[in-house]
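In case you want the letters, here they are:
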Amino acid sequence: MHGAIDTADTWLVRGNGSLAITLANAGYDVWLGNCRGNRYSRRHVYLDPDNDPLFWEFSFHEHAVYDLPAIIDTILDETGSKKLNAIGHSQGNTIFYILGSIRPEYNEKVNLMIALAPVCYLHNIKPPLYTLFTFIPLLNDILKKVNINELFGTEKIHGKILKALCSIPYVGYTICIEHILFPLSGADPEEFDRDVFKIVNTFFPASISRKNLYHFGQIFKSRRFERYDYGVIGNKAMYNSSTPPSYDLKKVVMRIALIVGLNDKISSVKDIDLLRNQLPNMVNYTVSPRKTFNHMDDTWGKNMAVYLFPYIFDLLKEYS
């Protein structure tokens, strides 16, 4: 499962050197999921994502409680298997923690969950990401007033501007990667070169709902891994409580392996330590020996076969 503002394309960027194709070439049955709202998941029975704001009334909570179970059940039905192994990146792990907490029966359907750059708590992020998260509530209010519910969509004006900016020869890489992505996620220029940037720029960033972005900002501000905050009145109606309840990580009993990067500015080691101390069935904790290993090296890195894939294959072999 891909992360926020991403798609299943992220697992294919490096061609034969990408994780999905490497696994397939090794004989694994590989399924790539897409969460609602991105370029591959915009169909609805009656809502039009381009014209109906109601389509965008979701955050990663809905990804976890509705989208992910549908994907898991489809795979198990198609294959006849009783369990599957899962690999997530960033928000693609967050939704598994929520799934195991809110719909605990799905713990039995996941044999092993390999979490790359796991995101749960956001206590220890640093500037400029810290500054960005501080302004999310204000940004949410502004976007809400002007009825903007989808961000970064390729057909939206802000999405088109970003694509155009990043597509400028030579300058685009400097602006979008060296001055934006690297400061936010951690710099590793040897692994993310200009050639792969041209490919990534065709699909990233993908759409994210305003509500999803705000939910992350809420977790950052409250310092709790909790459900969406609808305000006192809304929370009373939704949760019978004035504040949103926290997700109970003790109910997440599926086997989980955490793979961590020291240069990851989004999934900091300190925040992952908070997570690992609450997971009751963490079977492996690996810190990459590559000192510059950042948030995006798990999916886009040039030499993943050297510093990442061996850990994944060892885990799959040990627990399958």
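Let us look at the structure shown here. Residue positions are counted from 1 within each chain, in the order its sequence is given. A pLDDT threshold of at least 70 governs which residues receive local features in this predicted model, and a stricter bar of 80 or more applies before side-chain atom pairs are shown or counted, although totals over entire chains, interfaces and linings include all residues. Side-chain numbers here rest on the full set of heavy atoms in the structure, without hydrogens or water.

**A look at the sheet that holds strand E1 (residues 84–89)**
In a beta sheet, neighbouring strands are held together by backbone hydrogen bonds and run either parallel or antiparallel to one another. Note on pairing: two strands pair once DSSP finds at least 2 bridges between them. Every helix listed is a DSSP run of H or I at least four residues long, and every strand listed is a run of E at least two residues long, numbered separately from the N terminus. Spatially, 4 strands are ordered E1-E2-E5-E6 in an open sheet, and the strand pairing comes out parallel. The sheet is open, and its two borders are formed by E1 and strand E6 (282–287), each paired with just one other strand. Within the sheet, the average angular offset between the axes of one strand and its neighbour, ignoring direction, is 15°. Bridging between strand E5 (residues 256–260) and E6 involves 5 bridges; their strand directions are parallel. Angular values range over 0 to 180 degrees, each being the angle between N-to-C directions of two axes fitted as lines to C-alpha atoms, with helices fitted over their stretch in contact.

**Thoughts on a nonpolar patch on the surface**
Patch definition: residues above 30% relative accessible area lacking any salt bridge, with like charges linked at up to 9 Å and the nonpolar side chains Val, Leu, Ile, Met, Phe, Trp and Tyr linked at up to 5 Å. Only the protein chains shown count as cover for residues, and all accessible areas are computed by the Shrake-Rupley method using a 1.4 Å probe. Within this document, salt bridges are pairs made up of a side-chain nitrogen of Lys or Arg and a carboxyl oxygen of Asp or Glu, the two lying within 4 Å of each other. A cluster of nonpolar residues, Leu12, Tyr28, Val30 and Leu32, forms a patch on the protein surface that exposes about 280 Å² of accessible area. With respect to the helices, strands and loops of the structure, Val30 is situated in the loop between helix H1 (19–25) and helix H2 (60–79). Burial status follows relative accessibility: with a 1.4 Å probe on protein chains alone, a residue under 20% of its type maximum counts as buried, one over 50% as exposed, and anything between as partly exposed. A residue is classified by how much of its surface remains accessible, and Val30, at 31% relative accessible area, is partly exposed.

**What to know about the state of the cysteines**
Only a pair of cysteine sulfur atoms within 2.5 Å qualifies as a disulfide here. Using the criterion set out here, one finds 1 disulfide in the structure. Each disulfide pairs two cysteine sulfurs, and for Cys166 the partner residue is Cys176, the sulfurs being separated by 1.9 Å. Measuring handedness by torsion sign, the sulfur bridge of Cys166 and Cys176 sits at about -100° and is left-handed. Taken as a pair, Cys166 in helix H6 (residues 157–166) and Cys176 in helix H7 (residues 171–185) lie far apart in primary sequence, 10 residues in all. The class for Cys176 is buried, based on a relative accessible area of 7%.

**A word on empty space enclosed by the protein**
Both site types are read off a 1 Å grid over the protein atoms alone. A 1.4 Å probe that fits but cannot get out defines a cavity, while an open set with protein on both sides within 12 Å along at least five of seven lines defines a pocket; lining residues have an atom within 4 Å of a point. Grid points are joined across faces, edges and corners, and a volume is the space filled by probe spheres set on the points. Going through the model one piece at a time under the given rule, you end up with 1 cavity of 30 Å³ or more. Quantified by volume, the largest cavity comes out at close to 100 Å³. Surrounding the largest cavity, 17 residues form its lining, Ile5, Arg36, His63, Ser207 and Ile208 being those nearest its centre. When the residues that make up the lining of the largest cavity are grouped by side-chain class, the tally is 6 nonpolar, 9 polar and 2 charged. Polar here means any residue other than Ala, Val, Leu, Ile, Met, Phe, Trp, Tyr, Cys and Pro, which are nonpolar, and Asp, Glu, Lys and Arg, which are charged; Gly is therefore polar.

**Side note on the environment of Gly301**
Secondary-structure assignment places Gly301 in the loop between helix H12 (297–300) and helix H13 (304–307). The sequence separation of Gly301 and Pro189 amounts to 112 residues, and the corresponding C-alpha distance is 9.4 Å. Contacts were defined at the residue level, with two residues in contact if any of their heavy atoms lie within 4.5 Å. Residues contacting Gly301, with those up to four places away along its chain left out, are Arg14, Glu191, Met296 and Tyr307.

**Re the pattern of salt bridges**
Considering all chains together, one arrives at 14 salt bridges under this definition. For the salt bridge of Asp67 with Arg36, the shortest nitrogen-to-oxygen distance reads 2.8 Å. Linking Asp67 in helix H2 with Arg36 in the loop between H1 and H2, this pair joins segments that are 31 residues apart in sequence. When the shortest N-O distance is used, the salt bridge between Arg103 and Glu105 registers 3.6 Å. Each member of the salt-bridge network shares a partner with another, and the members are Asp188, Glu190, Glu191 and Arg290.

**Section: helix H5 (residues 136–145)**
Along H5, the positions that sit buried rather than exposed are Ile136, Asn140 and Leu143. The buried side chains of H5 occupy one side of the element, clustering within an arc of 70° when seen end-on. At its buried positions, H5 is contacted by helix H4 (129–134), strand E3 (150–151) and helix H9 (210–222). The positive-phi residue at the C-terminal boundary of H5 is Asn147, with phi of around 60°. For this quantity, the arc is that covered by the directions from the helix axis to the C-beta atoms.

In short, the description is geometric, and any link to function would need to be established separately.
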